[in-house]
Amino acid sequence: MGTYRLDVETPIGLIEVVGTEKVIQSILFVEREAAQLPEPNVPDVLRQCKEELDDYFRGDRMTFTFPIEQVGTSFQRDVWSTLQTIPYAETASYRELAERVKRPAAVRAVGATNGRNKLSIVVPCHRVIGSNGKLTGYAGGLWRKEWLLYHEKQVAHQTQ
C-alpha cells in the first residue's frame, strides 16, 4: 500500500499529513517556505484530514473523525490513547498521564512517548503540561503549543 502526502497551511505554519489510502499516519509541522502541490490521486482520507484540520483552526471543530494509525509498543499506544481522553481546551500533567496509564513511576517514559507522537493536534500532546503548570516540550515548538492551547480556550469560551 502506497504512502501519500498532503500539506495543510495553518495560522501557525505548515503541516504535512502522511497516510495510506485508508489511514492517517502522521500530522507534523514542517519548516518549509510554501506548501507543496498535492500529489495526484491523493486519497479521500487525506482530503478529509485536511478539511477537518481547516475546521479545527477556524474554530469549527473540536474532535476528529478520520481513521488514524500509530505504530509503537503497547505502552506507547496506551499513552497515545490516553492523550485522546484529555478534553478539548483542558490540560493534564505528565504525572497525571502516567497515573492514568497505571504506571505512576513512568513520568519520564510518558514524556518521551508524548514526544514521539506523530499525530499532532489529533492526538493532543499539546495539552500535556508540567506538574508545575508550565508549558514544557513540544516538537512543533513551545510557541505553537501555547497558541494551540489559547486557541482551544477561546473557541471553548465562545461555544459556552
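Bear in mind that the values here come from a model prediction, so they are computed numbers and not experimental data.

## Some remarks on the packing of aromatic side chains
For the structure on display, the rule yields 5 aromatic pairs. With a centroid separation of 5.1 Å and an interplanar angle of 90°, the aromatic rings of Y56 and F57 are classed as edge-to-face. Judged by relative accessible area, F57 falls into the buried class, the value being 10%. Ring plane angle 40° and centroid distance 5.8 Å describe the contact between Y56 and F64, whose orientation is recorded as tilted. Residue classification places Y56 among the buried residues on the basis of a relative accessible area of 0%. Counting every residue linked through ring pairs, the aromatic cluster contains Y56, F57, F64, F66, Y88 and W147.

## Considerations on the UniProt feature "domain: Methylguanine DNA methyltransferase ribonuclease-like" (unreviewed entry) in the chain
Listed under "domain: Methylguanine DNA methyltransferase ribonuclease-like" (unreviewed entry) in the UniProt record, and renumbered for this structure, are residues 9-69. For residues 9-69, helix accounts for 25% and strand for 26%, while the C-alpha atoms at its two ends are 22 Å apart.

## Some details on helix α2 (residues 74-83)
Taken as a whole, α2 has its buried residues at F75, Q76, V79, W80, T82 and L83. Projected onto a plane normal to the axis of α2, the buried residues spread over an arc of 160° and lie on a single side. At its buried positions, α2 is contacted by α3 (94-100), α4 (107-115) and β5 (128-129).

## Overview of the pattern of salt bridges
Where charged atoms from two side chains of opposite charge come close, those side chains can pair. Summed over all chains, the structure comprises 10 salt bridges. With its nearest N and O atoms 2.8 Å apart, the salt bridge here joins D54 to K50. Placement of both D54 and K50 in helix α1 (residues 44-58) is noted, with a separation of 4 residues, approximately one turn of the helix. Put simply, R58 and D55 hold a salt bridge, and the shortest N to O gap is 2.3 Å. On the criterion of helical spacing, the pair formed by R58 and D55 is a turn pair, its members being 3 residues apart in helix α1. Judged by its relative accessible area of 54%, R58 is exposed.

## Brief notes about the packing of α2 against α4
Think of two packed helices as two axes; the pair is described by the angle between the axes and how far apart they sit. Running from N to C, α2 and α4 cross one another at 75°; their axes reach a closest spacing of 10 Å. Overall, the two elements α2 and α4 adopt an arrangement that is roughly perpendicular. On the side of α2, the interface is formed by F75, Q76, V79, W80 and L83, while α4 contributes A109, V110, T113 and N114.

## Regarding the layout of surface pockets
Empty space among the atoms becomes apparent when a probe as large as a water molecule is rolled across them. One number sums up the size of the largest pocket: a volume of about 200 Å³. Around the largest pocket, the lining comprises 13 residues; the ones closest to its centre are M62, T63, F64, Q84 and V122.

## Notes on the nonpolar core
Within the largest apolar cluster, 42 residues are counted, with the highest numbers of intra-cluster contacts made by V17, I24, I27 and I121. Contributing elements (two or more residues each) for this core: β1 (4-10), β2 (13-19), β3 (24-30), α1, α2, α3 and α5 (142-158). With 6 residues, α1 is the largest single contributor of residues to this core. The residues contacting I24, other than those within four sequence positions of it, are V17, V18, G19, V45, L46, C49, F66, P67, I68, E69 and L119.

## Considering the pairing of β3
Along β3, 5 of the 7 residues are buried, which leaves the element largely enclosed by surrounding structure. Where β2 lies against β3, 6 bridges are found, and the strand directions are antiparallel. Among the inter-strand pairings, V18 is bridged to a residue of β3, identified as S26. Hairpin connection, β2 to β3: the antiparallel pair is bridged by 4 residues.

Conventions and cut-offs
Residues numbered from 1 in each chain as written. Predicted model: local features only at pLDDT ≥ 70, side-chain atom pairs only at ≥ 80, totals over all residues. Heavy atoms only, no water. Phe/Tyr/Trp six-rings, centres within 6.5 Å; stacked < 30°, edge-to-face > 60°. Buried < 20%, exposed > 50% of the residue type's maximum accessible area, 1.4 Å probe, protein only. UniProt positions renumbered as here; feature names shortened; annotations may be inferred. Helix = DSSP H or I, 4+ residues; strand = E, 2+ residues; numbered from the N terminus. Arc of directions from axis to C-beta. Contact = heavy atoms within 4.5 Å. Salt bridge = Lys/Arg side-chain N within 4 Å of Asp/Glu carboxyl O. Axes fitted to C-alpha atoms, helices over the stretch in contact; angles between N-to-C directions. Parallel < 35°, antiparallel > 145°, perpendicular 65-115°, else oblique. 1 Å grid on protein atoms, 1.4 Å probe; cavity = no way out; pocket = protein on both sides within 12 Å on 5 of 7 lines; lining within 4 Å. Points joined across faces, edges and corners; volume = space filled by probe spheres on them. Core = buried A, V, L, I, M, F, W, Y, C linked by side-chain atoms within 4.5 Å. Pairing = 2+ DSSP bridges.

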